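A closer look at the structure
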Amino acid sequence: MKIVTWNCNGALRKKIERLLKLEADIYIIQECEDPEKTNDSNYRNWADNFFWAGDNKNKGLGIFAKPSIGIQNLNWETNGLKYFISCRVNNDFNLIATWCHGANSPTFGYIGQLWKYLQLNKFKFGKSIIAGDFNSNVIWDKWDRWWNHSDVVRELGELKIESFYHKFFLEDQGKESKSTFYLQKNIKKPYHIDYIFGSTSFTNSIKSLAVGETSKWLELSDHMPVILNL
């Protein structure tokens, strides 16, 4: 199974052709439009097995699966946190898609949204994959905050859920050699803020993990796709 997460930077309908070249079974896309409210018939027809969440019909979070993949919406509690979609894949594992948003929160923006989501739902996780734009990295940890990136990684570790990138490339959090985001599409402003985490039971099933190349993707988005092959 191939899973891709990508912040498309809007207008996914215009970028489908490039995305489909990845030949994934499941796409987790941030900043994409709601297929049910689009005027683009090609985009609407492509998205025939999906879940979408968002407050703006033009920029939300979507899970898009091949017709042969069974996805069941689990509707885990979000309490207004932005943005999360939980589903069951082929009745085998839970998939949690995320686009960690500022959410106009003065204290719990971005990784704080994921930390709160964990507090609500971590007893349900079991065999799971969590993927998306976390908008976070350990380099931005604050010494006097208990919901830093490192805290989220630690709590996921307690659930036996780890970052596949760091496991596959044997790199430490905050010392990633491959960047997933370029601020203002500037190649001189690289960061690693997009992740695929999963239960350790998947570890031996990882065939490959890759980050998209800037030469192919930077013209379309400030984020590179993260591509997992199980």
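The structure contained in this document is the topic of the report that follows. (Residues numbered from 1 in each chain as written. Predicted model: local features only at pLDDT ≥ 70, side-chain atom pairs only at ≥ 80, totals over all residues. Heavy atoms only, no water.)

Let's shift gears to the overall build of the chain. If you tally the helices and strands in the chain, you get six helices and 14 strands. The C-alpha atoms of the chain give 16 Å as radius of gyration, which agrees with the globular expectation for 230 residues (17 Å, within 12%). Projecting the C-alpha coordinates of the chain onto the three principal axes gives extents of approximately 50 × 40 × 40 Å. Within the chain, buried positions represent 53% of all 230 residues. (Helix = DSSP H or I, 4+ residues; strand = E, 2+ residues; numbered from the N terminus. Rg over C-alpha atoms; globule rule 2.2 N^0.38 Å. Buried < 20%, exposed > 50% of the residue type's maximum accessible area, 1.4 Å probe, protein only.)

The next point concerns the packing of aromatic side chains. On inspection of all chains with the given rule, the structure shows 22 aromatic pairs. Each member of the aromatic cluster is reached from another via a ring pair, and the members are Y27, Y43, W46, F50 and F64. One Lys or Arg, K116, reaches over the ring of F108 and ends 4.3 Å from the middle of that ring. We note R145 situated over the ring of W147; from NZ or CZ to the ring centre the distance is 4.0 Å. (Phe/Tyr/Trp six-rings, centres within 6.5 Å; stacked < 30°, edge-to-face > 60°. Lys NZ or Arg CZ within 6 Å of the ring centre and 35° of its normal.)

Our focus in this paragraph is the pairing of strand β3 (residues 50-56). One ladder, built from five bridges, connects β3 with strand β4 (residues 59-65); its direction is antiparallel. Bridge pairing in β4 places F50 opposite F64. Hairpin connection of β3 to β4: two residues between the antiparallel strands. (Pairing = 2+ DSSP bridges.)

Take the sheet that holds strand β8 (residues 128-133) next. Picture the strands of a sheet paired through backbone hydrogen bonds; they go either parallel or antiparallel. Overall, mixed pairing links the six strands, which are arranged β5-β6-β7-β8-β12-β9 in an open sheet. Of all strands in the sheet, those bounded by a partner on one side alone are β5 (71-73) and β9 (161-163). For this sheet the average axis-to-axis angle between neighbouring strands, irrespective of direction, equals 25°. Sheet analysis places strand β7 (residues 93-99) next to β8, joined by six bridges and oriented parallel. Looking at β8, one finds that T98 is bridged to G132. (Axes fitted to C-alpha atoms, helices over the stretch in contact; angles between N-to-C directions.)

What follows concerns helix α3 (residues 111-121). Spacing of three or four residues puts side chains on the same side of an α-helix, whose turn is 3.6 residues. Of all 11 residues making up α3, eight are buried, and the element is well covered by its neighbours. Its buried side turned inward, α3 meets β6 (84-89), β7 and α4 (149-158). (Contact = heavy atoms within 4.5 Å.)

Our next topic: the packing of α3 against α4. Axis separation between α3 and α4 bottoms out at 9 Å; the angle between their running directions is 30°. Between α3 and α4, the angle falls in the class roughly parallel. As α3 runs across α4, the sense of the crossing is left-handed. Between α3 and α4, the contacting residues are I111, L114, W115, L118 and Q119 on the first element and H149, V152, E155 and L156 on the second. (Parallel < 35°, antiparallel > 145°, perpendicular 65-115°, else oblique. Left-handed = near helix turned anticlockwise from the far one by under 90°.)

Here we come to the pattern of salt bridges. Across all of its chains, the model carries nine salt bridges by this definition. Between R13 and E33 there is a salt bridge; the shortest N-O distance is 2.8 Å. Of this pair, R13 sits in the loop between β1 (2-7) and α1 (16-20) while E33 sits in the loop between β2 (26-32) and α2 (41-46), and the two are 20 residues apart along the sequence. Taking relative accessible area as the criterion, E33 reaches 3% and is therefore assigned buried. E158 is the salt-bridge partner of R154, the closest N and O atoms lying 3.2 Å from each other. Of this pair, R154 and E158 are both found in helix α4, four residues apart, which corresponds to roughly one turn of the helix. Residue R154 is classed as partly exposed on the basis of its relative accessible area, which comes to 41%. (Salt bridge = Lys/Arg side-chain N within 4 Å of Asp/Glu carboxyl O.)

With that settled, the discussion passes to the pairing of β7. Of all seven residues that make up β7, seven are buried, and the element is covered over most of its length. In this sheet, β7 lies alongside β6 in antiparallel orientation, the contact comprising six bridges. When the bridges of β7 are listed, S86 appears paired with I96. A loop of three residues connects β6 with β7, the two strands running antiparallel in sequence, and N90 in this loop sits at a positive phi of about 50°. Running through α3, the crossover from β7 to the neighbouring parallel element β8 is right-handed. (Right-handed = clockwise from strand over helix to strand, strands pointing away.)

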